[in-house]
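Examining the three-dimensional arrangement
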Amino acid sequence: MENITLLVDIKRNALDDGPGIRTLIFFKGCPLSCVWCQNPEAKSPNKELSFNKNICRECFACIEECNQNAIDLSYEFRIDRTKCNLCGRCIEVCPNSALKFVGQEYRIKDLVNIILKDRIFFQNSGGGVTLSGGEPLYHINYVKDLVKELKKEAIHICIETCGYYNREKFYELILPYLDLIYFDLKIFDSELHRKYCNVSNERILANFEDLIKKKSIKIVPRIPLIPKITDTQDNLSKLADYLKKLNVRKIILLSYNPLWISKSLMIGITPKYDYSEFLDKKNKERIKLIFSDFEINDF
Ligand code: SF4
Ligand code: SF4
C-alpha cells in the first residue's frame, strides 16, 4: 500500500466537525471553486508556496537564495509563481517561517499511524476521524484505502463533502465504511450556484436526495452562511422547503469567517468576494427563524 496524497493539514484533538474528540484531515483539491471558500489553500490539488507578509522581517535572504528570480519586491504578492519551481530553498533560509509550503504528501500507513495515536481519546469521548478539505472524495482512490484501514481499527469515520462526486464509485468504495456524512448545501438556484461555485448544483442535489432516500447512514446537511450570497431570505427559504420535503429536520449552519481573505492573499490569489465582517448574532437568529418556520433546527 503505497498510495500517497497531498494534505493541507492534520488537526488533532478537535472538538468540532463530528462527535467527541476528533482528528481532522484536510485534503488538498476540490472540484468546486466557491468565491468565499473558507479554506482557499485547499482548493488547488497542487503544492503551493505561501508568503505571510505580516511576519516577514524584510531581511531578503530569500531573494538571495532564489536562483529562479521568483521573489520580486515589486510584485503584488512577492512571489512570481510563473517562475517559482517550488524548490523550497527560500523556505530553508527564512528566519521567521514567513514562507512555507501548503500541501504535504502522506502515505496511508503514516497517516493511519498518526490517527491511531489518539485512539484512546476517540474511545473515551465517542470521537474519531473526520475527512475534510478541500474535498476528500476528489481523492477517492486514496480515501477508499484509508477508510478500509481505519475501519479495521474500528475508528468512527465522518466525511465532509461538497456532494459533487461520482455516485456509483462513492457507494461502492466509500459509503460502506462511513459512520456519518456532513453534506454541504450552498445555493438552491442552479445558475447562482454555477456563478458562485463554478459548477451547477444538479449533481449535488441528486446525490443528496439519493443518499437521504437510502437511509443507510446518518446524514447532516451543512449550510455555510455567506453574507449576501447564501444567507439571503430567498435562498434559505428554498433550501428549507427542499429539506422539509425530504423529511430532514436537523441541519448545521456554518458561520462565515472572513479570515479566509488573508489566507487567499498568502497564496497569491486576489479574492473575488470581499466581505470582511463576522456574522453577527442578530443575523444568525434571523436565519434560525427561517428554518424553524419549516420545522428544521440547527444542531
Ligand atoms: S527570508 Fe523570510 S523574513 Fe526574510 S525577507 Fe524573505 S520572507 Fe521575509
Ligand atoms: S521555492 Fe524556490 S523557486 Fe520558488 S521562490 Fe522559493 S527559492 Fe525561488
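Conventions we followed
- Residues numbered from 1 in each chain as written.
- Chains lettered and ligands numbered in written order.
- Predicted model: local features only at pLDDT ≥ 70, side-chain atom pairs only at ≥ 80, totals over all residues.
- Axes fitted to C-alpha atoms, helices over the stretch in contact; angles between N-to-C directions.
- Helix = DSSP H or I, 4+ residues; strand = E, 2+ residues; numbered from the N terminus.
- Parallel < 35°, antiparallel > 145°, perpendicular 65-115°, else oblique.
- Left-handed = near helix turned anticlockwise from the far one by under 90°.
- Contact = placed C-beta atoms within 7 Å.
- Nonpolar A, V, L, I, M, F, W, Y, C, P; charged D, E, K, R; others polar.
- Domains from an automatic or database assignment.
- Expected span 1.5 Å × (residues − 1).
- Buried ≥ 20, exposed ≤ 12 C-beta atoms within 10 Å, placed from the backbone.
- Arc of directions from axis to C-beta.

Following both chains from N to C, one finds helix H3 (residues 108–116) and helix H5 (residues 140–152) inclined at 40°, their axes separated by 10 Å at the closest point. Regarding the angle of H3 to H5, the classification is oblique. Where H3 crosses over H5, the two elements pack in a sense that is right-handed. Here H3 contributes Ile108, Leu111, Val112 and Ile115 to the contact with H5, which in turn contributes Tyr142, Asp145, Leu146, Glu149 and Leu150. Of the residues assigned to the contact of H3 with H5, the class counts are seven nonpolar, no polar and two charged.

Moving on: the domain arrangement of the chain. The parts lose accessible area when they come together, and the size of an interface is often stated as this lost area. Each assigned domain of the chain is listed here: domain 1 (4–46 + 103–298) and domain 2 (48–102). Spacing between the C-alpha centres of domain 1 and domain 2 amounts to 32 Å. Residue composition of the side of domain 1 that touches domain 2, grouped by class: four nonpolar, five polar and one charged.

A word on helix H9 (residues 233–245). The terminal C-alpha atoms of H9 lie 18 Å apart, and with 13 residues this matches the ideal 18 Å at 1.5 Å per residue to within 8%. Burial in H9 covers these residues: Asn235, Leu236, Leu239, Ala240 and Leu243. Buried residues of H9, seen end-on, are gathered within an arc of 130° and therefore sit on one face of the element. Along H9, the residues that are exposed and aim more than 90 degrees away from the buried face are Gln233, Asp234 and Lys245. Each element contacted by the buried residues of H9 is listed here: strand S9 (218–224), strand S10 (250–254) and helix H11 (281–292).

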